[in-house]
Amino acid sequence: MESAALVAPVTALEFAGDVLLAGTGPEVAAFRLSGGGSPAGRRSVLREASVQGLRAEPGTGTAVRVVAFGGRWLAVLAVRRCGAGGEGVLTACGGGAVRELGAWVWEARWAVGGRLALALGGGTVGLYEWRGGGHWLRWAGCGGAGALRCAVLAGTGWERLALAAGTAAGPVVVWRAAEAAAPRRRLLGHRGAVLALCYSAPRGLLASASEDRSVRLWAVGELGGEGNGNGEGSCLLVCYGHGARVAAVALRGPCLVSAGEDGACLEWDGGGGVRRARRGHHGALRAVALRPAGGCLATGGDDGGVRLWRPQRAAPVVAAALGAPERARAVLLVGPRQVLVLGEAGGLSAYETATERWLPVLPPAAVGPRGMLAAAPLPGGAEVLCALGTGDGRILLFALGRPGAAAELRLFEGAVRGLGWAQHPGLPPAATSLLASGPDGEVLWLDVTHCPGQVPQVQLRGRYQLPPCKQRWHTCAAFLPQGGLLLCGDRRGSLLLFPCSSSLGQAAGSTGISNGSPDLVSEDSSSNSEHSCLLHKEVLPLESPLSLLFGLHGKTGVTSVTCHGDYIYSTGRDGVYRQLRLQGQQLEVLQKHRPCKGLQWIEKLCFTPDGDLLVLGFHADNFVVWSSRTNENLHCIPCGGGHRSWSYCSSSSDEAFAFIKCGDVMLYHHEAKPCEQQVLLPSLHGREISCVRRLGAVGMPGHPALNVFITGSEDTMACVLALSEGSRAAIPLTRLTDHISSVRALALAHTAGPSDEGFDKGLSALLFSAGGRAQIECNRVVCARDPASESSVACQVIHVASHRLDEHWERKKNRHKLVKMDPETRYMSLSVMPDTSSEQLPTPWKFLAAACSDGSVRVFGLLEAAQKLVLVAESFHHERCVLKVEAFLHTQAGGERRHLLCSAATDGSVAFWDITSPIAEATTALHRAEGELQPLALGSPLLTIMAHSCGVNSLHIHMTLEGQYLVASGSDDGSIHICLLKVTLSGGEVTTGTCMHVLQRVAKPCAHAAHVTGIRVLRPDLLLSASVDQRLTLWHHSPGRLDPLSTTFFHVPDLAELDCWEVVDAGGMLRYCCVLCGYGLEMLHGIAPPKSPLPEAPL
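Description of the structure in this document. Bear in mind that the values here come from a model prediction, so they are computed numbers and not experimental data.

Turning to the pairing of strand E65 (residues 763-771), a few remarks are in order. The buried fraction of E65 amounts to nine of the nine residues, a majority that puts the element mostly inside the structure. Residues Leu763, Ala765, Leu767, Ser769 and Gly771 of E65 are buried on one face, and the alternating residues Ser764, Leu766, Phe768 and Ala770, pointing to the opposite face, are buried as well. Inspection of the sheet shows strand E64 (residues 743-749) paired to E65 by six bridges, in the antiparallel sense. Pairing of Val743 across the sheet is with Gly771, part of E65. In sequence, E65 turns back onto strand E66 (residues 775-785) through a hairpin of three residues, with Arg773 there showing a positive phi of about 60°.

Next up, the structure:
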């Protein structure tokens, strides 16, 4: 088997001229900075170790030599700059051979003559000639320090060569190579193991990072100097600020830069405070590098991502008090440099940042108390239309440049509750639409036309009725580009779809004649015309919603609705945004997104021209602008929360945020700058990948097909990604954030669904994901070719249903008599029942089996059309944690089918069940059940085999001859067990029983040196197994024997799962492919060996 693609944690970074090098697993990836960070090559350099360090040789030229080291391995590369664009190309030096040394390599440094100074495990330091066959020139053992965790070298010649090493006990120990008998210095202070060191020879400074979460700066002078070496060294600075262990440290002049396992890269000032915090990675950081020229900073971590940070001066977040003329009630930005403020008494004022002066717009008597303010800049920015709602049902409409020419309309008998502008696609540039809400849930649609120097012309276009609720007014609205439809969000958290066809506008125009004008109001508005507004609106019908999603965003309200592409997006104060689409005249929720942890209130979404999605909202009492692409806060402004009036406005040149504090108006102004962060290698998961499934391959014209995978992780997310064999990198397509705990199991049902429109010749499947907190989520995943997108694949995820056991328990009858379900119950494994619909049992229901940590095997039923996922059967036969479950279908020669299930537990037992009857009973009960269905009993297993002495971590079933099945399992003790089963049916005409017989059993006690967490039967004579020992072994299976054919080392530590599939290449050759997940993701493939003759099975 050969590696085809790899995603691994980034453990080393180095700048080599204009190229950034990143060590990911055994490979080195190059990125050309002058080309905008484009990939410039990728090469596997080490064999069975990850790249732990990269060191570029000082100097300039057409090629820069770089040494890569990790574990006991070392290799030298050349980064060559060639071509008009100066593209970096990675080539091997020294004949391309990888040098294997006798000990762990902690550090490497280029010495005189192009040789290497190396620091090895056990405190050995030496000069190494890597050219030719590779040999030692000199070496010395430095004792008296204990176990080492990191090292740094100083000096280029043997006489001046010095080693500083961080120990597991905490001291930093310094030796000279020429006098290595005893340490010259011991730097004391750290209370945990020292994980990283950095030395600056010109300044004589040494930086250390420790697992005690501190970073220290030491004044050590010249490490290899001739002076007195008995000093302790002085500690200049102690920095605390990381929330976890500090994994990397670098020196930028006298200032420290550190990267920690909390995902933060911190830049420290001279007093030990944090000058700049950079966040964006999904997991722990492992490497940091500084570019000598230009001041760029690069970070990499466990998420497999590489990010480049360009230097920007961090400006303090300061909001200036503007000194409003009266106590402010509402604030609104009509541009980054103009602020409108409505006072509590009703006066309207404007503040110009250019002149820093307040200008009165309207006196308090015009509006009165309890007023509302809304404004809409017209296209081109020449004028701004303003709307003021009053407490007695009036609305004032005027252009901000001429407030004296205002149209006054009395629309309601009570106070105006909601007021907002919305752009209608069919209106001229000088017109826009206004939505106003009054008492009893009535919403009016008005078209307002700006007439320079005159009163705005108003036309009543529609009346709408909101559903009954306590807080009954609209909060946002948008006209859909499909035409004829208006989408509103209300304070109750509901989304409502109303008709707004041209016939309604014609009816409004015919009834809106006042004072000889075809409009609702003209310049000489009077009290008579105000009363006529109330009369005219009664002529229009009060429209009810065509589609209603009641309480979609909870009770706190919908904050915005946005149309982008073919989809609709809604945000709310529940901290999530939802993606919807229009099916006919009905709203369909596709997916729910939670952009970041702790964001309680999302106000708005902004889609940028470069493809980023900005999320505006509140995190605690801070207003934040969150970038979905870089996973960071672009702005974080302390404002006291969003319950007071506030406003945000951005343009290509600057951004502004205004809010009310203590009755005054505060303004934060920020000049727009290029994005500081650039993603060179996208992030995958921040923690271990616990499960993986292959969705399929998407064909690309003229290019190899892209394999699409779905991964689940301990970071509570599932990710749909495309893995390219050409670039050997993963491209995340979308992330699923519905889970509240880890995702431990995935299952796919490859069935066409009702939501596959627009995705011709693509992939479609039902995805079941489950894990901690006894939670199952079901989504339909649809992928298709999209040459216009960056990944060349379009992916749409549609949420179908969800289930949680604690919610199910709350609905149980007489639950006070039962023992409550453990809230820490986890789903360990999932399996979809194949072909549950037949002529004898036609049903749209799909069934799912789950292995649970509370000792149960559960079966769930899914009805996709009704979006229902219910628990239908369960059994606690195992009485201990069930680790694996596998469903399979047995079909007799006469066509009779039996649904069988295999489960494995922590005691090493493997049980086999016939669940045909429970599924039939459950289907009948589900068709006639109106309320909650009580789970049925699965009964007793047909057969139980003690296959292992401890937990079964992997399980697979493969059908051989008719009625015979190979069951392969792997265990914690490294053993593999295979049994051959025969299934027969017996019984009379009324009832039929299922019988299972064990025909053969084969056990391999020490197949691997660690847990066997992945196993697949490729064919009856061929087996593939993978273990935590990072060995992928191909076995030949014959009666009574299991012999290894080949073993491949893979580069994914802590292997969690394995998935396999077959591919026939262009030449007709059959290949077996597999994907492995753990701390990383790797895809391998190999040619299928020739089949051996299959012996006859015993009777």
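What follows deals with the side chain of Asp490. Mapped onto the elements, Asp490 comes out in strand E44 (residues 485-490). Buried charge without a salt bridge: Asp490, with Arg492 as the nearest opposite-charge side chain at an N-O distance of 7.0 Å. Of the polar contacts made by the side chain of Asp490, one reaches the backbone nitrogen of Ser494; its length is 2.7 Å. Not counting the four nearest positions on each side in its chain, Asp490 is found in contact with Leu466, Pro467, Trp473, His474, Thr475, Leu496, Gly557 and Val558.

The subject of this paragraph is helix H5 (residues 916-928). For H5, built from 13 residues, the straight-helix expectation of 18 Å at 1.5 Å per residue is met to within 8% by its first-to-last C-alpha distance of 19 Å. At its buried positions, H5 is contacted by strand E69 (846-852), strand E71 (868-875), strand E73 (897-905), strand E74 (909-914) and strand E75 (936-937).

Enumeration according to the criterion identifies 19 aromatic pairs in this entry. Judged by centre distance (6.0 Å) and plane angle (45°), the rings of Trp104 and Trp106 are tilted. A relative accessible area of 41% places Trp104 in the partly exposed class. Residue class for Trp106 comes out partly exposed when judged on its relative accessible area of 23%. Ring centres of Phe623 and Phe657 lie 4.2 Å apart, and the angle between their planes is 10°; this geometry places the pair in the stacked category. Highlighted residues: Phe623 in strand E54 (residues 622-627) and Phe657 in strand E57 (residues 654-661), separated in sequence by 34 residues. Take Phe623 and Phe657: they sit in the same class, and that class is buried.

What follows is about the sheet that holds strand E34 (residues 357-362). One open sheet holds the four strands; their spatial order is E31-E32-E33-E34, and the pairing between them is antiparallel. Looking at strand neighbours, the two that pair on one side only are strand E31 (328-335) and E34, the edges of this open sheet. Ignoring strand direction, the axes of neighbouring strands in this sheet form an average angle of 25°. Summarising the sheet, E31 and strand E32 (residues 338-343) pair through six bridges and their orientation is antiparallel. If you follow Ala330 over to E32, its bridge partner there is Leu342.

Now for the pattern of salt bridges. Under the defined criterion, the tally for this structure stands at 40 salt bridges. Each of the salt bridges in this network shares a partner with another, and the network as a whole consists of Arg252, Glu267, Arg275, Arg276, Arg278 and Glu676.

Within the secondary structure, Ala63 sits in strand E7 (residues 63-70). C-alpha separation for the pair Ala63 and Thr91, spaced 28 residues apart in sequence, amounts to 9.9 Å.

The backbone of Ala620 shows a phi angle near 60°, a positive value even though the residue is not glycine. Even without being glycine, Asn631 reaches a positive phi, approximately 60°. Position of Asn631 relative to the elements: it lies in the loop between E54 and strand E55 (632-638). Residue Asn631 is classed as buried on the basis of its relative accessible area, which comes to 15%.

What counts, and at which threshold
- Residue indices follow the written sequence of each chain, beginning from 1 at its first position.
- With the structure being a predicted model, the display of local features is reserved for residues of pLDDT at least 70 and the display and counting of side-chain atom pairs for 80 or more, all residues being used for whole-chain, interface and lining totals.
- Where side-chain values are given, they derive from all heavy atoms of the structure, hydrogens and water being excluded.
- Type-normalised accessible area, obtained with a 1.4 Å probe on protein chains alone, sets the label of each residue: buried when under 20%, exposed when over 50%, and partly exposed for intermediate values.
- A run of DSSP states H or I qualifies as a helix once it reaches four residues; a run of E qualifies as a strand once it reaches two. Both are numbered from the N-terminal end.
- For two strands to be treated as a pair, DSSP must find no fewer than two bridges joining them.
- Note that His is not counted, nor are the chain ends; the positive residues are Lys and Arg, and the negative ones are Asp and Glu.
- By convention in these notes, a salt bridge is any Lys or Arg side-chain nitrogen within 4 Å of a carboxyl oxygen on Asp or Glu.
- Any pair of N or O atoms that falls within 3.5 Å is considered a polar contact. Within protein, one atom must be able to donate a hydrogen and the other to accept it, and sequence-neighbouring residues count only if both atoms are side-chain atoms.
- Contacts are assigned to residue pairs that have any heavy atoms within 4.5 Å of one another.
- Take the number of residues in a helix, subtract one, and multiply by 1.5 Å to get its expected span.
- Stacked, edge-to-face and tilted are the three classes for Phe, Tyr and Trp ring pairs, Trp counted by its six-membered ring, which pair at centre distances within 6.5 Å; planes under 30 degrees apart are stacked, over 60 edge-to-face, the rest tilted.
- Simply put, an axis is a line fit to the C-alpha atoms, just over the touching stretch for a helix, and the angle between two N-to-C directions goes from 0 to 180 degrees.

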